[in-house]
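Okay, here's what each chain looks like letter by letter:
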Amino acid sequence: MNHTFHIRRTTALLIVMMAVLVGALVATISYTHNPPVTMGTAHAASVSEQTPFGSFAPLVKRAAPAVVNISSSKMVKTSGQSNGMFDDPFFRQFFGGRMPRQQQKPREERASSLGSGVIVSPDGYILTNNHVIDGATDIKVSFSDKREFPAKIIGADKYSDLAVVKIDQHNLPTLSFAGGKPQVGDVALAIGDPFGLGQTVTMGIVSATGRTGLGIEQYEDFIQTDAAINPGNSGGALINTNGDLIGINTAILAGNGGGNQGVGFAIPVTMAKNIMDQLLKTGKVTRGYIGVTLQGLDPDLAKSFGLGENMRGIAITGVEPNSPGAKAGLQTGDVITQVNGTLVDERGSLQVIVAGMAPGSDVHLKIFRSGNYKDVTVTLAEYPKNLLAGNNPDDDDNQPGLNGGEKGAMKGVSVQAITPEVRQQLNLSANAKGVVVTDVDESSQAAQEGLKPGDVVEQVNHKPVTSVSDFNSAVKQGDGSGATLLLVRRGQVSNFVAVPNK
């Protein structure tokens, strides 16, 4: 009995000891592989690897001194209306809504403007926007340390909205130009003086590049960013995480409040440097000129040109006589697919490339014509100053009423030949050729594609038309295809229109 009890006690002790050892071992293993402090450190390291920029303070400290405030003023003529009781509608009613005669005399007042600028050389040259200093008679440059200096305009270019001013100082801090182009997703910092509050830094990313067709400037190749840009930021710096200048903040897409909506635009330094170098060297900007009018292609138009709906390019809608393009053999209806080996599918992009080249240089184009590709070299001329204002085909939406015409072969469209009366009524040139659209059924495919009375149809499916019979014949020949391709002149500009044959 005692012997049996001893064995049982020994066995129990062994079991307890084994349990204690196993428990200690498990605890040791658990502690070795899951220590709370180590987990926290590992997690922190992981976050640090994903977000390497713990603070932008050192970067801003280095870059911000090169960004300045620019204030300008000029004398402007006003209507002469006083700011007293005559501006109150209650009192104005006693004068029939008009001011007393002595209050209506024009007078001059001083108008002021605030913006920003970027120091690009130690001896005081500053890059900014043209609209910040346009027409200014007095310009002052202020630093963040409250120093203030007068500035003079070295040169300005309103078509790109860039200008260079200079202060008489030396050994100034500068921002260097970035060597490469920014990419979508790059972190960007905007530095400027919004609302005149004082120097401010905002952060975002580059949300798009190569933005054109916004109608902000004549030449557009904008960097789009969601870094907050507000009034007063104009002319300020957009920098990358190396502290290099990638753009000059220029415009915002704003609602009724006029503030930041998360969509701001900056002129890339590639364009800014080219403009600045020309202004410093000659005081003016010259641009390359081909002498053609252009139109981007959507999938329907691309298909009508035989490119296929997945292909892209820029159609030539007109060639100026004796222009570089005409001398090189370019024709209306050609589609430009490459410029100097670079694929292009936006009119604005091609214009920026050509405008950035010096007159006298050669531009190499790949064009698509009648189902075949062809290489064409054009020697550029200088862009004529009288053409820089540009023409918008949609500027004249209110065409004069036209009477007469006959229903043509295209459903819902009436046309007539160009008579002396029509030529005078529409202010057409003496060499204008085609047929005039006199009426468009609002429910027709032509109306949906934007055809309007007063439009002049110059071509149908690449065939010139000079009479109603030419128009009808060409439309009927194309009935078997998916769409009829029209070359339509409205005002001073021609564009292609693809009208589905339904």
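Residues numbered from 1 in each chain as written. Predicted model: local features only at pLDDT ≥ 70, side-chain atom pairs only at ≥ 80, totals over all residues. Heavy atoms only, no water.

**Some remarks on the overall build of the protein chain**
As a reminder, the rule being used: A run of H or I in DSSP becomes a helix once it reaches four residues, and a run of E becomes a strand once it reaches two; helices and strands are each numbered from the N terminus. Accessibility here uses a 1.4 Å probe with only protein chains present; expressed as a share of the type maximum, an area under 20% marks a residue as buried, one over 50% as exposed, and anything in between as partly exposed. Residue contacts are counted whenever heavy atoms from the two residues lie within 4.5 Å of one another. Note that accessible areas follow from Shrake-Rupley with a 1.4 Å probe, and for residues the cover is restricted to the protein chains shown.
Secondary structure assignment for the protein chain yields twelve helices and 27 strands. Relative to its full complement of 502 residues, the protein chain shows a buried share of 40%. For the protein chain, the share of sequence-separated contacts (at least 6 apart) that also reach a separation of at least 24 residues comes to 61%. Accessible surface for the protein chain amounts to roughly 27,200 Å². Of this, 52% is attributable to carbon and sulfur atoms.

**A few points about the layout of surface pockets**
Applied cut-off: Whether a set of points on the 1 Å grid over the protein atoms alone is a cavity depends on a 1.4 Å probe fitting there but being unable to get out, while an open set qualifies as a pocket with protein on both sides within 12 Å along at least five of seven lines; lining residues are those with an atom within 4 Å of a point. Grid points are joined across faces, edges and corners, and a volume is the space filled by probe spheres set on the points. Only Asp, Glu, Lys and Arg are considered charged, only Ala, Val, Leu, Ile, Met, Phe, Trp, Tyr, Cys and Pro nonpolar, and every remaining residue, Gly among them, polar.
What the second largest pocket holds in volume is close to 720 Å³. Looking at the second largest pocket, it is lined by 31 residues, and the ones nearest its centre are Lys181, Asp221, Pro268, Thr270 and Val352. At the level of elements, strand S8 (200–211), helix H6 (269–282), strand S17 (342–343) and helix H9 (347–355) are the ones that each hand at least two residues to the lining of the second largest pocket. Looking at which element gives the most residues to the lining of the second largest pocket, the answer is H6, with six residues. Within the lining of the second largest pocket, the residues separate by chemical class into 15 nonpolar, eleven polar and five charged.

**Notes on the side chain of Ser414**
Considering the arrangement of structural elements, one finds Ser414 in strand S22 (residues 413–417). Discounting chain neighbours no more than four positions away, the residues touching Ser414 are Glu406, Lys407, Gly408, Val436, Val437, Thr438 and Asp439.

**Quick word on the packing of aromatic side chains**
Here is the rule: When the centres of two rings from Phe, Tyr and Trp lie within 6.5 Å, Trp using its six-membered ring, the rings pair. Their planes under 30 degrees apart give stacked, over 60 give edge-to-face, and anything left gives tilted. Put simply, a charge is over a ring when the Lys NZ or the Arg CZ is close to the ring centre, within 6 Å, and near the line of the ring normal, within 35 degrees.
Taken as a whole and assessed by the stated rule, the structure comprises five aromatic pairs. Taking the centre distance of 5.7 Å and the plane angle of 45° together, the rings of Phe222 and Phe265 count as tilted. Placement of the pair is Phe222 in strand S9 (residues 222–225) and Phe265 in strand S12 (residues 264–268), with a sequence separation of 43 residues. Like Phe265, Phe222 is buried. A centroid spacing of 5.0 Å and a plane angle of 65° characterise the contact between Phe368 and Tyr373, whose relative ring orientation is edge-to-face. Note on Phe368: relative accessible area 6%, which makes it buried. Residue placement shows Arg147 over the ring face of Phe143; its charged tip is 4.6 Å from the ring centre. A cation over a ring is seen here: Lys166 above Tyr125, with NZ or CZ 5.2 Å from the ring centre.

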